[in-house]
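Next come the chains, spelled out residue by residue.
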Amino acid sequence: MIYTTLLNIAIFQGIVLGVVILKSSLFSSKSNKYLAYLLFALSMVLLNYVFEIEGTFKSYPLLRFLDYIEWIFLLPVFIFLFIINRIDDTIKNRQRAYLYYIPFIYSSTFVIIYHLNDILGIYKITDSGIFIINILTLIQLLFAFIIILFPPFYSYFMIRHLKDPQEKKWVLILLTTLYLLLSTWLITYMTGFFFGIDISSTMSGLALSATFIMHWTAYIGIYKYKLAKNKEAVYHFINNDLVIIHPNPQVAENSITQENNTAEESRESITADNLYFQKLELLCKDEHIYTDSTLNREKVAEKLGISAGYVSQIVNTITGDNFAHYINQYRVEAVKEMISDPEYDNYNLLTMGLEAGFTSKTTFFKAFKKVTGQTPNEYKNTVK
């Protein structure tokens, strides 16, 4: 009873934490999404184990398909993709991520087709069919060795590219723990497969160990080593920001206002790792909000969930420039890219400026000169 309760708590925590990482803007990055997928996959592994203990598969045979799928094949994939997406693009772009899903796709397809007979009785397997299945099973075992051992081992070489020492330490411990867990699972599984030894007690211990990965990831990753790179903001999110679901809008508004006032009084704590600044950077780089010619502090503040004054304070403290100049820098860079892109050869400079979000020729030329030290025409002549 206590054992299954611990497993259920870990499953619930893994799912909730995964949803928080995926849905909250505080953790919005591609790497963190893979961490969420890792938690989901681990939750699915534990859930199937609980179903086995509770006899759920006997009552609902169709659920057995969930158990036959080797969700554990996804764990080394997601931890590897989590790591490489936290390093620079040069290294990341060398990876063919889709290749790492091949063992899982092969295994899932094979076991589902094979066990259609066990569960639904659709067909019967002949003697020649059994020989083919044995070959396919050996291929699956080969894939198990490759996917369980190779990506985590390769990840150790990728970790050195992480720039934050604290983050590097946390990721290294997570990787090592998961690697030991997967390696032990593989050895235990192979021992049971080839020698017919009862491995249930070892598997129970591994399942319990997996629950600690859930708890440890939640504490270390979120609270201590700042997945979102801003512990204070994460703390406020966990404890305060969820008031957006409060049935009383006024209560939520007062809570957010109080939080914003507290944040604005903490100017000395604002660094380049500030969570809201990172979100602003993503809005500019990924969503190109600067192309909105009516963009102002108030609109940005609404998107970030903070006050307009705090937006200015963050930008001023981190960049040393005011909000308008910060946005204009992105617009100038957009114009520079258009000038260098043959696709925009039919555009005149003013059209490019308006396309990038500037409201007039005067504003455009003035901002371009301030950022580059050249007029748009002078810059165009240097690159053409």
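The present account deals with the structure reproduced in this document. (Residues numbered from 1 in each chain as written. Predicted model: local features only at pLDDT ≥ 70, side-chain atom pairs only at ≥ 80, totals over all residues. Heavy atoms only, no water.)

1. Considerations on the side chain of Thr-4
Defined as follows: Strands here are runs of E lasting at least two residues and helices are runs of H or I lasting at least four, both read from the DSSP assignment and numbered beginning at the N terminus. We call two residues in contact whenever any of their non-hydrogen atoms come within 4.5 Å of each other.
Counting through the fold element by element, Thr-4 comes out in helix α1 (residues 2–23). Ignoring any residue separated from it by four or fewer positions in sequence, one finds Thr-4 in contact with Ile-53 and Glu-54.

2. Considering the environment of Thr-188
How we decide: Each residue gets one of three labels from its accessible area relative to the maximum for its type: buried under 20%, exposed over 50%, partly exposed in between, using a 1.4 Å probe on protein chains only. Counting of polar contacts relies on pairs of N or O atoms within 3.5 Å, with two restrictions inside protein: one atom must be capable of donating a hydrogen and the other of accepting it, and residues adjacent in sequence are counted only when both atoms are side-chain atoms.
Summarising the element assignment, Thr-188 is placed in helix α9 (residues 165–195). A relative accessible area of 9% means that Thr-188 is categorised as buried. Sequence-wise, Thr-188 and Thr-202 are 14 residues apart; in three dimensions their C-alpha atoms are separated by 7.3 Å. Residues contacting Thr-188, with those up to four places away along its chain left out, are Ile-199, Thr-202, Met-203 and Leu-206. A polar side-chain atom of Thr-188 sits 2.7 Å from the main-chain carbonyl oxygen of Thr-184.

3. Here's the deal with the pattern of salt bridges
Filter applied, for reference: Each salt bridge in this description consists of a side-chain nitrogen of Lys or Arg and a carboxyl oxygen of Asp or Glu lying within 4 Å of one another.
All chains considered together, the criterion is met by six salt bridges. Glu-52 is paired through a salt bridge with Arg-64; the nearest N and O atoms lie 3.0 Å apart. Within this pair, whereas Glu-52 is found in helix α2 (residues 30–54), its partner Arg-64 is found in helix α4 (residues 64–68), the two being separated by twelve residues in sequence. The exposure class assigned to Glu-52 is partly exposed, which follows from its relative accessible area of 40%. The residue Arg-64 makes a salt bridge to Asp-67 at a minimum N-O spacing of 3.1 Å. Pair noted here: Arg-64 and Asp-67 are both in helix α4, with a separation of three residues, about one helical turn. Its relative accessible area of 25% is what places Asp-67 among the partly exposed residues. Each of the salt bridges in this network shares a partner with another, and the network as a whole consists of Glu-52, Arg-64 and Asp-67.

4. Here's the deal with helix α15 (residues 308–319)
The line we're drawing: One less than the residue count of a helix, multiplied by 1.5 Å, gives the span that helix is expected to have.
Its twelve residues give α15 an end-to-end C-alpha distance of 16 Å, which sits within 8% of 16 Å, the value for a rise of 1.5 Å per residue. Where α15 terminates, the next one or two residues include Gly-320, which has phi positive at roughly 80 degrees.

5. Things to note about a nonpolar patch on the surface
Defined as follows: Patch membership requires more than 30% relative accessible area and the absence of a salt bridge. Residues of like charge join within 9 Å; the nonpolar side chains Val, Leu, Ile, Met, Phe, Trp and Tyr join within 5 Å. Areas reported as accessible are Shrake-Rupley estimates using a 1.4 Å probe. Residue values count occlusion only from the protein chains shown.
Taken together, the side chains of Phe-131, Ile-132, Ile-135, Leu-138 and Ile-139 present a nonpolar region at the surface, about 470 Å² in accessible area. Mapped onto the secondary structure, Phe-131 falls in helix α8 (residues 127–159). Overall, the relative accessible area of 55% leaves Phe-131 in the exposed class.

6. Section: the packing of aromatic side chains
How we decide: When the centres of two rings from Phe, Tyr and Trp lie within 6.5 Å, Trp using its six-membered ring, the rings pair. Their planes under 30 degrees apart give stacked, over 60 give edge-to-face, and anything left gives tilted.
Evaluation of the coordinates by the stated rule reveals 27 aromatic pairs. Ring geometry for Tyr-3 versus Tyr-49: centroids 6.5 Å apart, planes at 75 degrees, classification edge-to-face. Separated by 46 residues along the polypeptide, Tyr-3 in helix α1 and Tyr-49 in helix α2 bring together distant segments of the chain. Relative accessible area serves as the criterion here: at 23%, Tyr-3 is assigned to the partly exposed category. Centre to centre, the rings of Phe-153 and Phe-157 are 5.5 Å apart; their planes meet at 75 degrees, and the pair counts as edge-to-face. With Phe-153 and Phe-157 both in helix α8 and four residues apart, the pair spans about one turn of that helix. On the accessibility criterion, Phe-153 (45% relative accessible area) is partly exposed. Connected via pairs of aromatic rings, a cluster forms that spans Phe-358, Phe-364, Phe-365, Phe-368 and Tyr-379.

7. Comments concerning the packing of helix α7 (residues 102–120) against α8
Put simply, the rule is: For helices, the fitted line uses only the C-alpha atoms of the stretch in contact; every axis is such a line through C-alpha atoms, and the angle between N-to-C directions lies from 0 to 180 degrees. Here the word oblique covers every angle except those under 35 degrees (roughly parallel), over 145 (roughly antiparallel) and from 65 to 115 (roughly perpendicular). Each crossing gets its handedness from the near helix: less than a right angle anticlockwise from the far helix is left-handed, clockwise is right-handed.
In the contact formed by α7 and α8, the axes pass within 10 Å of each other and the chain directions differ by 150 degrees. The pairing of α7 with α8 is recorded here as roughly antiparallel in orientation. Crossing of α7 against α8: the hand is left-handed. Contact residues: Ile-102, Pro-103, Tyr-106, Ser-107, Phe-110, Val-111 and Tyr-114 in α7; Ile-133, Leu-136, Thr-137, Ile-139, Gln-140, Phe-143 and Ile-147 in α8.

8. Quick word on α2
In an α-helix there are 3.6 residues to a turn, and that puts residues three or four apart on one side. Between its first and last C-alpha, α2 extends 36 Å over 25 residues, near the 36 Å set by a 1.5 Å rise per residue. Just downstream of α2, Gly-55 is the residue with a positive phi angle, here 75 degrees.

9. Regarding the environment of Ile-139
Within the fold, Ile-139 resides in helix α8. Classification of Ile-139 by relative accessible area gives partly exposed; the value is 33%. It is 9.3 Å that separates the C-alpha atoms of Ile-139 and Tyr-106, two residues lying 33 residues apart in sequence.

10. Observations concerning the packing of helix α13 (residues 275–285) against helix α16 (residues 323–340)
Quick note on the threshold: Side-chain classes follow a simple rule in which Ala, Val, Leu, Ile, Met, Phe, Trp, Tyr, Cys and Pro form the nonpolar group, Asp, Glu, Lys and Arg form the charged group, and the remainder, Gly included, forms the polar group.
It is the contact of α13 with α16, at a shortest axis distance of 11 Å, that shows an interaxial angle of 35 degrees. Seen from above, α13 lies across α16 with right-handed handedness. When α13 is examined against α16, the residues Phe-277, Leu-280, Glu-281, Cys-284 and Lys-285 are found in contact with a partner set consisting of Tyr-326, Ile-327 and Tyr-330. Taken together, the residues that form the contact of α13 with α16 break down as six nonpolar, no polar and two charged.

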